[in-house]
Amino acid sequence: MNDKDKLKEVVDQAIADQQVPHVKLKKMGPNNVDIEKLTKPSKETRQEYWGKGLTYMAIGLIIVLVVSIIGFIGYHGLETFIDNHVNVFHFLTSTDWDPGEEKNHVGAAVMIVTSFAVTLLAALVATPFAVAIALYMTEYSSKKGASFLQSVTELLVGIPSVVYGFLGLTIIIPVIRTLFGGTGFGILAATLVLFVMVLPTITSLTVDSLKAVPSHFRKASMALGATHWQTIYRVVLRVATPRILTAVIFGMARAFGEALAVQMVIGNAVLMPYNLVSPSATLTSQLTSQMGNTVMGTLPNNALWSLALLLLIMSLVFNFLVKLIGKRGQK
């Protein structure tokens, strides 16, 4: 006797032995039970198989894309050091950038220093404002006020980078030129533009961090006699600090990778900045302004791919810091 015969016997016996006829089985006899239908996968089971299959395909596609991007940039970025024999230490520390000459003129120190300076200054300026706005939205403002500020924040996120760059070019640059002299281009102008650009990102993530603090922490602090501000300063902010730091790092990653807006206000001069209002260049501004002027496979083109590889490595470092801080925050 095979499995189907056994199943049919069990079903027939169950129908014959039922004391209270089921509404669906009261007209069903032992001879009209469809054993084939009972043993085949149901429609829901097939849908689950399709859902799992599509999910795994999407995950596989994402993995392939990420690996392909990293491999492509890594391959071309390393050609500078493998094919053109540029010294890695010289590339990272030299301030002489003129890849059209020879390998001894491929130094990215100016772009590295300027990129970090602009990123750190933008984060330092934006973080206090972002935390203050987030505290007002979560601790002091009414629901309507918080909703209005949230709408303004989302509006700032949706503005294209070229608009920020154009506003910096037409408003910030003339003001800096009037106040400090010179051309107005430089780290200060780029910092102010990036400050406005990263402020919504840090603010939104900080709001989420403050909302994630359990309400019983606030109630316990109030019950012990603490004022509202003491509760915010000594309890809420301390509990939310790891997530706030994560928000800041996300903002720094956005600032470090910004290209068009920075290119429009930084000056694009590969010179080591001696103050905040002297023209300079970042990794992204050099990439966007020079990549279209080089020939694939030549030293100038390979040097730009090396800058792109450096940007990719920094992005991975920022992601690693986010994960590290997140794990410490869970502890």
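Residues numbered from 1 in each chain as written. Predicted model: local features only at pLDDT ≥ 70, side-chain atom pairs only at ≥ 80, totals over all residues. Heavy atoms only, no water.

1. Section: the overall build of the protein chain
- Each helix and strand counted, the protein chain has 13 helices and zero strands in total.
- The order of helices and strands in the protein chain, counted from the N terminus, is α-α-α-α-α-α-α-α-α-α-α-α-α.
- In the protein chain, buried positions account for 37% of the 331 residues.
- Residue pairs at least 24 apart in sequence account for 68% of intrachain contacts in the protein chain once pairs closer than 6 positions are excluded. (Helix = DSSP H or I, 4+ residues; strand = E, 2+ residues; numbered from the N terminus. Buried < 20%, exposed > 50% of the residue type's maximum accessible area, 1.4 Å probe, protein only. Contact = heavy atoms within 4.5 Å.)

2. Here we look at the UniProt feature "transmembrane region" (unreviewed entry) in the protein chain
- Following the UniProt record, the feature "transmembrane region" (unreviewed entry) maps to residues 53–75, 106–135, 155–176, 182–202, 244–266 and 303–322 here.
- End-to-end, the C-alpha atoms of residues 53–75 are 32 Å apart, and along that stretch the chain is 100% helix and 0% strand.
- Span residues 182–202 is 76% helix and 0% strand, its end C-alpha atoms 32 Å apart. (UniProt positions renumbered as here; feature names shortened; annotations may be inferred.)

3. Here's the deal with the packing of helix H6 (residues 143–158) against helix H8 (residues 187–211)
- At a minimum axis separation of 8 Å, H6 and H8 run at an interaxial angle of 135°. The pairing of H6 with H8 is recorded here as oblique in orientation. Considering only the axes of H6 and H8, their crossing is left-handed. On the side of H6, the interface is formed by Thr153, Leu156 and Val157, while H8 contributes Pro200, Thr203 and Ser204.
- Across the contact of H6 with H8, the residue classes tally to three nonpolar, three polar and no charged. (Axes fitted to C-alpha atoms, helices over the stretch in contact; angles between N-to-C directions. Parallel < 35°, antiparallel > 145°, perpendicular 65-115°, else oblique. Left-handed = near helix turned anticlockwise from the far one by under 90°. Nonpolar A, V, L, I, M, F, W, Y, C, P; charged D, E, K, R; others polar.)

4. Re the nonpolar core
- Core analysis: the largest hydrophobic core is formed by 58 residues, its most contacted members being Phe91, Trp97, Met111, Leu283 and Leu307.
- When contributions to this core are tallied by element, the ones reaching two or more residues are helix H3 (43–82), helix H5 (109–140), helix H7 (161–180), H8, helix H10 (228–257), helix H11 (260–266), helix H12 (283–290) and helix H13 (299–330).
- Looking at this core element by element, the count peaks at 14 residues for H13.
- Beyond its immediate chain neighbours, meaning those up to four positions away, Trp97 contacts Phe91, His105, Val106, Gly107, Ala108, Met111, Val270, Gln286, Ala303, Leu304 and Leu307. (Core = buried A, V, L, I, M, F, W, Y, C linked by side-chain atoms within 4.5 Å.)

5. With respect to a negative patch on the surface
- Taken together, the side chains of Asp96, Asp98, Glu101 and Glu102 define an acidic patch exposed on the protein surface.
- Note that Asp96 resides in the loop between helix H4 (88–93) and H5.
- Its relative accessible area of 32% is what places Asp96 among the partly exposed residues. (Patch = residues over 30% accessible without salt bridge, like charges linked within 9 Å, V, L, I, M, F, W, Y side chains within 5 Å. Areas by Shrake-Rupley, 256 points an atom, 1.4 Å probe, with all protein chains shown as cover. Salt bridge = Lys/Arg side-chain N within 4 Å of Asp/Glu carboxyl O. Lys, Arg positive; Asp, Glu negative; His and termini not counted. Charge placed at Lys NZ, Arg CZ, Asp CG, Glu CD.)

6. Some points on the side chain of Arg218
- Within the element layout of this structure, Arg218 appears in helix H9 (residues 215–223).
- Beyond its immediate stretch of four places on either side in the chain, Arg218 contacts Glu139, Leu210, Val213, Thr231 and Val236.

7. Comments concerning the pattern of salt bridges
- With the rule as written, the count across this model stands at three salt bridges.
- Among the salt bridges present, the one from Arg218 reaches Glu139, with a minimum N-O distance of 2.9 Å. Of this pair, Arg218 sits in helix H9 while Glu139 is found in helix H5, placing the two residues 79 residues apart along the sequence. Side by side, Arg218 and Glu139 carry an identical accessibility label, which is buried.
- Across the salt bridge formed by Glu258 and Arg254, the nearest N and O atoms sit 3.8 Å from each other.
- When its relative accessible area of 8% is taken as the criterion, Glu258 is described as buried.

8. Quick word on H7
- Gly168 marks the point of greatest bend in H7, at about 35°.
- Residues of H7 that are buried: Tyr164, Gly165, Gly168, Ile172, Ile173 and Ile176.
- Trailing H7 by a residue or two, Gly181 shows a phi angle of about 80°, which is positive. (Bend = angle between axes of the 7 residues up to and from the residue.)

9. Observations concerning the packing of H9 against H10
- One can describe the packing of H9 onto H10 by two numbers: an axis separation of 10 Å at closest approach and a directional angle of 140°. Accordingly, the angle class assigned to the pair H9 and H10 is oblique. The element H9 and its partner H10 pack so that their crossing is right-handed. In contact with Phe217, Arg218, Ser221 and Met222 of H9, H10 contributes His228, Thr231, Val235, Val236 and Val239.
- Tallied by class, residues from the contact of H9 with H10 come to five nonpolar, three polar and one charged.

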